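# Chains, contacts and geometry: an overview
Read off the chains here:
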Amino acid sequence: MKNAFILLSGGPSIYDPKDPDRHDQSWDNFVTPPLLRANKGALHDPKTEDVHWLVYEDAYRERWSSDVASQKSAPTQYQHTVDIKIRHNRLNYLDLLKARAKDRGWKYEGISPAQGFWDYINKLKGTKVSRVWFYGHARDDLWLSLNHRASDHVAIAPDSDAILTCTDIKKIAAFSFVPQKAATHPHKFFGCNTKAFAETWATTLTVFAEGSSGKVGFEKIHERGGKVRLSAGAQWYQYSKTSAPRLLHSKAGEEVD
């Protein structure tokens, strides 16, 4: 039986043109990278792994509704919805993602709230999880969406039901995963400030896991074949329960495989 390679895509915030850090100018930052890597045949070996794509759907529904209504206030974002309907002949963002998953033979699963992620893993019977890759916002914990503070438009944490916390990792059992000694690929958390989550994931589940100590960039993702890059001051580490952390990447602009 093939193992389960779980891709978890968090979602974008509602676009806020006054956000000082310009978060989520594009709706698709956290879904395009694995699709691009799959296009290049660099994502997984279909002989040994099935891809299970878990998508936090609430964020994409809210973003679609916001972008559709923003023809004057956010014309670029509005144009994304026009492209989806006209060029791709799809109803909305989620309809497009489901079609992309089907094209690649992936199992698509929409989740909401965040608890659905833990439930999904716990319900896998007779199938080992070979690795989990996360794409999304994070600050120690994994944020499956993002809010903005009304007073100054600064990005802040989403509601608690859209957060996977480090302490939540104990909700799943280590025996659900391919053990570290037999694993051929590490778990990876592609987001800003995922170092703490990756370390807790590795030590709790006895697997290899990787994350960033600072910000990572998703801009120009098409030019990099789906790979994120380190921002200034960020470092990329690999963790395990049985050895000291390994620094894998440390230079600004360096791509993270």
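A brief structural summary. Note that the structure is a prediction, hence the values are computed from the model and not measured. (Residues numbered from 1 in each chain as written. Predicted model: local features only at pLDDT ≥ 70, side-chain atom pairs only at ≥ 80, totals over all residues. Heavy atoms only, no water.)

### Quick notes on the environment of Thr-165
Note the cut-off: Secondary structure is summarised from DSSP: a helix means a run of H or I of at least four residues, a strand means a run of E of at least two, and numbering begins at the N terminus for each. We call two N or O atoms a polar contact when they sit within 3.5 Å, provided that within protein one can donate a hydrogen and the other can accept it, with sequence-adjacent residues counted only if both atoms are side-chain atoms.
Counting through the fold element by element, Thr-165 comes out in the loop between strand E9 (163–164) and strand E10 (187–190). Residues Thr-165 and Leu-142, spaced 23 residues apart in sequence, show a C-alpha to C-alpha distance of 6.4 Å. Only 3.0 Å separates the side chain of Thr-165 from the side chain of Thr-167, close enough to count as a polar contact.

### A look at the sheet that holds strand E14 (residues 236–239)
Note the following rule: By this definition, two strands are paired if DSSP reports at least two bridges between them. Axes, fitted as lines to C-alpha atoms, cover a helix only where it is in contact. Angles between the N-to-C directions of the axes lie from 0 to 180 degrees.
Read across the open sheet, the eight strands follow the order E3-E2-E1-E4-E10-E11-E14-E15; overall the sheet is mixed. Strands at the two margins of the open sheet, each flanked by one partner only, are strand E3 (107–111) and strand E15 (246–249). Adjacent strand axes in the sheet meet at a mean angle of 20°, parallel and antiparallel pairs treated alike. Where strand E11 (residues 209–212) lies against E14, four bridges are found, and the strand directions are antiparallel. From the neighbouring strand, Ser-212 faces E14, where its bridge partner is Trp-236.

### Topic: the sheet that holds strand E6 (residues 141–143)
Spatially, the three strands line up as an open sheet ordered E5-E6-E9, and their pairing is antiparallel. Edge positions in the sheet fall to strand E5 (137–139) and E9, since each of these pairs with one other strand and no more. By the bridge criterion, two bridges tie E6 to E9 in an arrangement that is antiparallel. The residue of E9 that forms the bridge with Leu-142 is Leu-164.

### With respect to the pattern of salt bridges
Spelled out, the test is: By convention in these notes, a salt bridge is any Lys or Arg side-chain nitrogen within 4 Å of a carboxyl oxygen on Asp or Glu. Here's how the labels work: a residue is buried when its accessible area is under 20% of the maximum for its type, exposed when over 50%, partly exposed in between, all with a 1.4 Å probe on protein chains only.
Scanning the model with the defined rule gives eleven salt bridges in all. The salt bridge involving Asp-95 is made with Arg-90; its shortest N-O contact spans 3.9 Å. For Arg-90, a relative accessible area of 33% translates into the label partly exposed. A salt bridge links Asp-168 to Lys-171, with the shortest nitrogen-to-oxygen separation between them at 3.5 Å. Shared partners join several salt bridges into a network, and the residues in it are Arg-37, Lys-227 and Asp-257.

### Description of the packing of helix H2 (residues 57–68) against helix H4 (residues 93–104)
When two helices pack together, their arrangement is given by the angle between their axes and by how far apart the axes lie. Put simply, the rule reads: Working definition: roughly parallel below 35 degrees, roughly antiparallel above 145 degrees, roughly perpendicular at 65 to 115 degrees, and oblique for all remaining angles. In this analysis, two residues are considered to be in contact whenever any of their non-hydrogen atoms come within 4.5 Å of each other. As a working rule, the residues Ala, Val, Leu, Ile, Met, Phe, Trp, Tyr, Cys and Pro are called nonpolar, Asp, Glu, Lys and Arg charged, and the rest polar, with Gly in that last group.
It is the contact of H2 with H4, at a shortest axis distance of 8 Å, that shows an interaxial angle of 130°. Taken together, the axis directions place H2 and H4 in an arrangement best described as oblique. Here Glu-57, Tyr-60, Arg-61, Arg-63, Trp-64 and Asp-67 of H2 come into contact with H4, specifically with Tyr-93, Leu-94, Leu-97 and Lys-98. The residue inventory of the contact of H2 with H4, partitioned by class, reads five nonpolar, no polar and five charged.

### As for the nonpolar core
As a reminder, the rule being used: To form a nonpolar core, buried Ala, Val, Leu, Ile, Met, Phe, Trp, Tyr and Cys residues must be joined to one another through side-chain atoms within 4.5 Å.
In this structure, Trp-53, Phe-117 and Trp-201 are the most contacted members of the largest nonpolar core, which totals 67 residues. Not counting residues within four places of it along the chain, the set of residues in contact with Trp-53 comprises Leu-7, Ser-9, Val-31, Leu-35, Leu-97, Ala-101, Trp-106, Lys-107, Tyr-108 and Glu-109.

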